[in-house]
Amino acid sequence: MAPMETRIRNRRDEMPAIVVMLERFGAEHRVPRKILNEINVALDEALNNIISYAYAANERSEILVRLTIRDGRIIVEVEDSGRPFDPLQAPPPDLSAPLKERKVGGLGIHFIKNLMDEVDYARVAGTNRLRLSKKFAAT
Amino acid sequence: MEIIEIQKERLVIVEPRGRIDTNSAKPFGDRVVELIRSGSRNMLIDLQHILYISSAGFRSLLIARKLADEVQGKLVLCGMSAELKRLFEIGAFTDLFTICATRDEGIAKAQ
């Protein structure tokens, strides 16, 4: 099946283009709503992290998002050329803190790990490659 | 994102629609904070039309929750789908909010 991919600039206001692509891809491949919602959350977290932390202030760059279906899974690949960052090595969030001390730092990665079936990271030739995989049964 | 607001005597019901993600979390959070700051002490956020909330949205909800506590107001959530509830569970937010299953229960709780 043909992959679908797009590039966005490293700006938060470009992130809705990725939601649009995922929704289109999901409709074409009859991916259940629940799975699409979970991938949307994971992508929102991954892109927000990259845009927030991978670049120096005012540095302009592009982020590639590619969607593929393989063996009953959606594979989401996110590539950026920002500073090396392995989200799998990030410290876990403190989920036991009471309301007053509660922070959401680290929560994005926690969501990605809990919502996706597989999460892999590699740094290849100056590029961060994040690969998310999620099983689904077409509706 | 579209946000519907319904004033029912002292209670304000806030009904956001769509997704609370990196881009929509700020306008959503700003509006809720503005309502509390301008005197709303009884608020019900009905999440029945929300597809999902990402961590940016949870940050907005946490800020609103803390502010409501500071002003001794009530902030209640209702209408979440099983899927949305799961996100609250993954983030360990269920104990930090007053969550009601239905709008009617939420209205009663937020008075």
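Remember, predicted model here, so these are calculated numbers, not experimental data.

Thoughts on the confidence of the model for chain B
Here chain B averages 97 in pLDDT, and 100% of its residues register 70 or above. Scored as a complex, the prediction yields pTM 0.96 and ipTM 0.95.

So, the interface of chain A and chain B
A common way to state how big an interface is: give the accessible area lost once the parts meet. Facing the 26 residues of chain A at the interface are 23 residues of chain B. Approximately 2200 Å² of surface area, both sides summed, lies buried where chain A meets chain B, with 61% of it carried by carbon and sulfur atoms. When the area that chain A buries against chain B is broken down by residue, the three leading residues are A:Leu99, A:Arg102 and A:Val104, summing to 29%. Between the two partners, chain A and chain B, sit 2 salt bridges. Note that B:Arg19 and A:Glu23 form a salt bridge whose closest N and O atoms lie 3.2 Å from each other. Across the contact surface, chain A and chain B share 14 residue pairs in polar contact (both at pLDDT 80 or more). Only helix 1 (16-28), helix 2 (33-53) and helix 3 (107-115) of chain A provide two or more residues apiece to the side of chain A that touches chain B. Looking at the side of chain A that touches chain B, its residues break down into 10 nonpolar, 6 polar and 10 charged.

Quick look at the sheet that holds strand 3 (residues 73-80) of chain A
All names here are of chain A. Strand order in the open sheet formed by 5 strands is 1-2-3-5-4, and the pairing between neighbours is antiparallel. With partners counted over all chains shown, the strands left at the sheet margins are strand 1 (4-9) and strand 4 (118-124), one partner each. Going from strand to strand, the sheet's axes swing by 15 degrees on average, the running direction of each strand aside. Taken together, the 6 bridges between strand 1 and strand 2 (residues 62-70) define a ladder with antiparallel strand orientation.

Topic: unusual backbone geometry
Positive phi outside glycine occurs at A:Arg30, with the angle close to 50 degrees. Structurally, A:Arg30 can be placed in the loop between helix 1 and helix 2. The phi angle at B:Glu9 is positive, at roughly 55 degrees, despite the residue not being glycine. On the secondary structure map, B:Glu9 appears in the loop between strand 1 (2-8) and strand 2 (11-20).

Section: the packing of helix 1 (residues 25-37) of chain B against helix 2 (residues 55-70) of chain B
When two helices pack together, you describe them by how their axes are tilted relative to each other and by the distance separating the axes. Residues and elements named next belong to chain B. Interaxial distance between helix 1 and helix 2 falls to 9 Å at its minimum, and their mutual angle equals 10 degrees. Judged on the interaxial angle alone, helix 2 and helix 1 are roughly parallel. Packed against helix 1, whose contacting residues are Ala25, Lys26, Phe28, Gly29, Val32, Val33, Ile36 and Arg37, the element helix 2 presents Ala56, Gly57, Ser60, Leu61, Ile63, Ala64, Leu67 and Ala68 at the interface. Broken down by class, the residue content of the contact of helix 1 with helix 2 amounts to 11 nonpolar, 3 polar and 2 charged.

A few points about the nonpolar core
In this structure, B:Ile45, B:Leu47 and B:Phe88 are the most contacted members of the largest nonpolar core, which totals 71 residues. At 10 residues, the largest contribution of residues to this core is made by helix 2 of chain A. Look past the residues within four positions of B:Leu47 in its chain and what remains in contact with it is B:Pro16, B:Ile20, B:Ile53, B:Leu77, B:Cys78, B:Gly79, B:Met80, B:Leu84 and B:Phe88. Counting residues in hydrophobic clusters, the runner-up holds 8 residues, among them B:Ile13, B:Leu44, B:Cys100 and B:Ala110.

Rules behind the numbers
- Along every chain, residues carry numbers that run from 1 in the direction the sequence is written.
- Lettering for chains starts from A, numbering for ligands starts from 1, and both go in the order in which the items are written.
- Thresholds applied to this predicted model are a pLDDT of at least 70 for local features of residues and 80 or more for the giving and counting of side-chain atom pairs; totals over whole chains, interfaces and linings are not thresholded and use all residues.
- Hydrogens and waters are ignored; side-chain quantities use all the structure's heavy atoms.
- Known as pLDDT, the predictor's per-residue confidence is scaled from 0 to 100.
- When checking whether two residues touch, look at their non-hydrogen atoms; a contact exists if any pair is within 4.5 Å.
- The term buried area denotes the loss of accessible surface (1.4 Å probe radius) that occurs when two parts are joined, taken as the sum for both partners.
- Salt bridge, as used here, is a side-chain nitrogen of Lys or Arg placed within 4 Å of a carboxyl oxygen of Asp or Glu.
- In protein, a polar contact means a hydrogen-donor-capable atom and an acceptor-capable atom, both N or O and within 3.5 Å, with residues adjacent in sequence counting only if both atoms are side-chain atoms; elsewhere, any N or O pair within 3.5 Å suffices.
- Strands here mean DSSP runs of E at least two residues long; helices mean DSSP runs of H or I at least four residues long; both are numbered from the N terminus.
- When residues are grouped by polarity, Ala, Val, Leu, Ile, Met, Phe, Trp, Tyr, Cys and Pro land in nonpolar, Asp, Glu, Lys and Arg in charged, and all others, Gly among them, in polar.
- Strand pairing is assigned whenever DSSP detects at least two bridges linking the two strands.
- Geometry is summarised by axes, namely lines fitted to C-alpha atoms with helices restricted to the contacting stretch, and by angles between N-to-C directions that run from 0 to 180 degrees.
- Roughly parallel refers to an angle under 35 degrees, roughly antiparallel to one over 145, roughly perpendicular to one between 65 and 115, and oblique to any angle outside these ranges.
- Residues grouped as a nonpolar core are buried Ala, Val, Leu, Ile, Met, Phe, Trp, Tyr and Cys residues, joined through side-chain atoms within 4.5 Å.
- Accessible area is worked out with a 1.4 Å probe on protein chains only. A residue is then buried under 20% of its type maximum, exposed over 50%, and partly exposed in between.

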